[in-house]
Amino acid sequence: MTTHTTPVGDVAATRRPTSPPAKKRSTAVGRAPWILVGPFLLLFLLTFVLPIIVAIGQSFTTVTRAGLFGEQGVTTGFAWFENYRIALEDGNFVASIWRMLLFGVVQVPVMIVAATVLALLLESASARWPGFFRATYFMPYGIPGVIATILWSFLYVPGLSPIIDLTETLFGFTPDFLGAGTVLWSIANIVTWTYAGYNMLIIVAQLKAIPPEMYEAARVDGAGPWRTAWSIQLPLIRPALVLTTVFSIIGTLQLFAEPQLLMTVSPAIDSQYTPNLSAYTTAFAYNDYNVAAAQSVLIALVAFALSFLFLRLTNRSSR
């Protein structure tokens, strides 16, 4: 009887599982990120990109209603830049943009400086209970803007405000927080109180990224806390300062809830006090959605232009 023997290497080769082709592996690896990111991209397109496209499209169209209430038909036509002309000829809308520019010139630097000072104090070597104070300063951001405005309105209204009563008792005069010349800064106070802690946390995160070796080198060179903050911390947290400033510039033009609520207690605030409030009034009070869309696009363009200009200036100064 003749027997055939198979080499050991051949047996191992026949039992080894075959791996998928390299082409299939590369295809699966290439699809995996899109499968994971796909739900977010779909939601992003439906809730962010699509509304922007629709708003831009509406800003270039006009709606004509035949009859007293439109009962004889509604026609939509291309209006070119007519809606933008109407928006820019509205003196109240243009005035609201200038008002918010003045608001931002004063409020944004004050808030960024306050957030930076708080962050530096909490990250100093002598700070006690930094976690407790970080949570305390951040707490106003967790309060909805509507609730915060209602709370502050009790401190602004005469007869309800303990601040006004105390000022009358100690100094003999009554401050007017809701007057034509002061209500804008009363709103700025609410915004600063709400967002200073949020910006502080962004700056604190940047401070924690500074290598400890740099602090040790500064101590070896004899640098004190002020010198360390000025020469090491402030230059290295510059990206966080730029980021928070850009966010604040954009948020300034989006101001809406605070003036809308204070409108009920301050006669100095009208329905077009801020750009967002003006667009809201045009859409839902005057039912002119096309002009409101043009106003919204103009607000976005102004916010983009201001942010771009600020980034250009900061990039030029860093060279």
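The model shown is predicted, which means the values in this text are computed figures rather than measured ones.

Cut-off values and rules
Numbers given for residues are sequential positions, taken from 1 along each chain in its written order. For a predicted model such as this one, the threshold for reporting local features is a pLDDT of at least 70, and the threshold for listing and counting side-chain atom pairs is 80 or more; totals across whole chains, interfaces and linings nevertheless cover every residue. Computation of side-chain values: all heavy atoms of the structure, hydrogens and water removed. Residues form patches when they are more than 30% accessible in relative terms and have no salt bridge. Like charges link within 9 Å. Nonpolar side chains (Val, Leu, Ile, Met, Phe, Trp, Tyr) link within 5 Å. Residue burial considers only the protein chains on display, and all accessible areas are found by Shrake-Rupley using a 1.4 Å probe. Take a side-chain nitrogen of Lys or Arg and a carboxyl oxygen of Asp or Glu: if they are within 4 Å of each other, that pair is a salt bridge. Going along the chain from the N terminus, every DSSP run of H or I of four or more residues is numbered as a helix, and every run of E of two or more is numbered as a strand. Pairs of N or O atoms are called polar contacts if they sit within 3.5 Å, as long as, within protein, a hydrogen donor faces a hydrogen acceptor (for residues adjacent in sequence, only side-chain-to-side-chain pairs). Only heavy atoms matter for contacts: two residues are in contact if any of them lie within 4.5 Å across the pair. Any helix carries an expected span of 1.5 Å times its number of residues minus one. The angle between axes fitted to the seven-residue stretch ending at a residue and the seven-residue stretch beginning at it gives the bend at that residue. You can read pLDDT as the predictor saying how much it trusts each residue, on a scale of 0 to 100. By convention, a stacked pair of Phe, Tyr or Trp rings (six-membered ring in the case of Trp) has centres within 6.5 Å and planes under 30 degrees apart, an edge-to-face pair has planes over 60 apart, and any other such pair is tilted. Any Lys NZ or Arg CZ that is within 6 Å of a ring centre and within 35 degrees of that ring's normal is treated as a charge sitting over the ring. We define the nonpolar core as a collection of buried residues of types Ala, Val, Leu, Ile, Met, Phe, Trp, Tyr and Cys that are connected through side-chain atoms lying within 4.5 Å of one another. Buried residues are those whose accessible area, probed at 1.4 Å on protein chains only, stays under 20% of the maximum for their type, while exposed residues exceed 50% and partly exposed ones sit between those limits. Lines fitted to C-alpha atoms define the axes, with helix axes restricted to the stretch in contact, and inter-axis angles between N-to-C directions lie between 0 and 180 degrees. When describing relative orientation, an angle under 35 degrees is termed roughly parallel and one over 145 degrees roughly antiparallel, while 65 to 115 degrees is termed roughly perpendicular and anything else oblique. Residues are sorted three ways: Asp, Glu, Lys and Arg are charged, Ala, Val, Leu, Ile, Met, Phe, Trp, Tyr, Cys and Pro are nonpolar, and all the rest, Gly among them, are polar. This arc describes the spread of directions from the helix axis toward the C-beta atoms.

Colleague: Hey, could you run me through a nonpolar patch on the surface in this one?
Modeller: On the surface, Trp34, Leu36, Val37, Phe40, Leu41, Phe44, Leu45, Phe48, Ile52 and Ile56 cluster together into a nonpolar patch covering about 1,000 Å² of accessible area. Structurally, Leu36 is set in helix α2 (residues 22-59).

Colleague: How should the side chain of Arg134 be read in this particular structure?
Modeller: With respect to the helices, strands and loops of the structure, Arg134 is situated in helix α5 (residues 130-142). Among the polar contacts made by the side chain of Arg134, one reaches the side chain of Glu123 at a distance of 3.2 Å. Leave out the neighbours within four places in its chain, and Arg134 touches Leu122, Glu123, Met200, Leu201, Val204 and Lys208.

Colleague: How should helix α4 (residues 91-122) be read in this particular structure?
Modeller: End to end, α4 covers 46 Å across 32 residues, agreeing with the expected 46 Å (1.5 Å per residue, within 8%). Along α4, the helix axis deviates most sharply at Gly104, where the bend reaches about 30°. By the N-cap criterion, in which a side-chain oxygen at the helix start approaches the backbone nitrogen of a residue two or three places on, α4 is capped by Asp90, the distance to Asn92 being 3.2 Å.

Colleague: Would you mind going over the confidence of the model for the chain with me for this structure?
Modeller: Note that predicted coordinates carrying low pLDDT should not be read in detail. With 89% of its residues at a pLDDT of at least 70, the chain reaches an overall mean of 87. For the chain, per-element mean pLDDT is lowest for helix α1 (residues 8-15), which scores 49, and highest for α4, which scores 95.

Colleague: Even after reading the chapter, I still don't get the packing of aromatic side chains, so can you show me in this structure?
Modeller: Two measures describe an aromatic ring pair: the distance that separates the ring centres and the angle between the ring planes. Tallied over the entire structure, the rule returns 20 aromatic pairs. Judged by centre distance (6.3 Å) and plane angle (10°), the rings of Phe60 and Phe78 are stacked. Of this pair, Phe60 sits in the loop between α2 and β1 (61-65) while Phe78 sits in strand β2 (residues 74-78), placing them 18 residues apart in sequence. Among the aromatic side chains, those forming a connected cluster through ring pairs are Phe60, Phe78, Trp80, Phe81 and Tyr84. Over the face of the ring belonging to Tyr273 we find Arg99, whose NZ or CZ atom lies 4.4 Å from the ring centre.

Colleague: Any chance you could explain the side chain of Thr61 here in plain terms?
Modeller: Following the sequence through the fold, Thr61 ends up in strand β1. A distance of 3.0 Å separates the side chain of Thr61 from the backbone oxygen of Gln58, its partner in a polar contact. Here Asn290 takes part through its side chain, which lies 3.1 Å from a polar atom of the side chain of Thr61. With sequence-adjacent residues up to four places away left out, Thr61 is seen in contact with Thr76, Gly77, Phe78, Ala79, Asn83 and Asn290.

Colleague: I keep staring at the nonpolar core and nothing clicks. Help me out?
Modeller: In summary, soluble globular proteins display a tendency toward joint burial of nonpolar side chains. One finds Met100, Phe103, Ile187, Leu255, Ile269 and Tyr273 to be the most contacted residues of the largest nonpolar core, which totals 28 residues. If you list the elements that add at least two residues to this core, you get α3 (82-89), α4, α6 (145-156), α8 (183-208) and α14 (289-317). Beyond its immediate chain neighbours, meaning those up to four positions away, Ile187 contacts Phe103, Leu255, Glu258, Pro259, Leu262, Ile269 and Tyr273. Ala119, Leu120, Val204 and Ala240 belong to the second largest nonpolar core, which has 15 residues in total.

Colleague: Before we go on, may I ask you to explain the environment of Phe154 in this structure?
Modeller: Residue position: Phe154 is located in helix α6. Residues Phe154 and Val265, 111 residues apart in the sequence, show an inter-C-alpha distance of 9.9 Å. The contact partners of Phe154, leaving out residues within four places of it in the chain, are Leu160 and Ser161.

Colleague: Just checking my understanding: could you explain the packing of α3 against α14 for this structure?
Modeller: The description of two packed helices rests on the angle between their axes and on the distance between the axes. For the pair α3 and α14, interaxial distance at closest approach is 8 Å and the crossing angle is 75°. With respect to α14, the element α3 is oriented roughly perpendicular. Residues Asn83, Tyr84, Ile86, Ala87 and Leu88 of α3 lie in contact with α14, whose contacting residues are Asn290, Val291, Ala294, Gln295, Val297 and Leu298. For the contact of α3 with α14, the class distribution of residues is eight nonpolar, three polar and no charged.

Colleague: How do you make sense of the pattern of salt bridges when you look at a structure like this?
Modeller: A pair can form between side chains of opposite charge whenever their charged atoms are brought close. Tallied over the full model, the rule gives four salt bridges. For Arg85, the salt bridge is made with Glu82, and the minimal N-O distance between the two is 2.2 Å. On the criterion of helical spacing, the pair formed by Arg85 and Glu82 is a turn pair, its members being three residues apart in helix α3. Note on Arg85: relative accessible area 37%, which makes it partly exposed. Its relative accessible area of 33% is what places Glu82 among the partly exposed residues. One continuous salt-bridge network, built from bridges that share partners, spans Glu82, Arg85 and Glu89.

Colleague: What's the story with the environment of Ala188 in this structure? I'm lost.
Modeller: Positionally, Ala188 belongs in helix α8. Take Ala188: its relative accessible area is 7%, and that puts it in the buried class. Separated by 78 residues in the primary sequence, Ala188 and Val110 place their C-alpha atoms 9.7 Å from one another. Look past the residues within four positions of Ala188 in its chain and what remains in contact with it is Phe103 and Gln107.

Colleague: Teacher, can you tell me more about α3 here?
Modeller: Since the α-helix advances by 3.6 residues per turn, residues separated by three or four positions end up pointing in the same direction. Here α3 has its buried residues at Asn83, Tyr84 and Ala87. Buried residues in α3, looked at end-on, bunch into an arc of 100°, giving them a common side.

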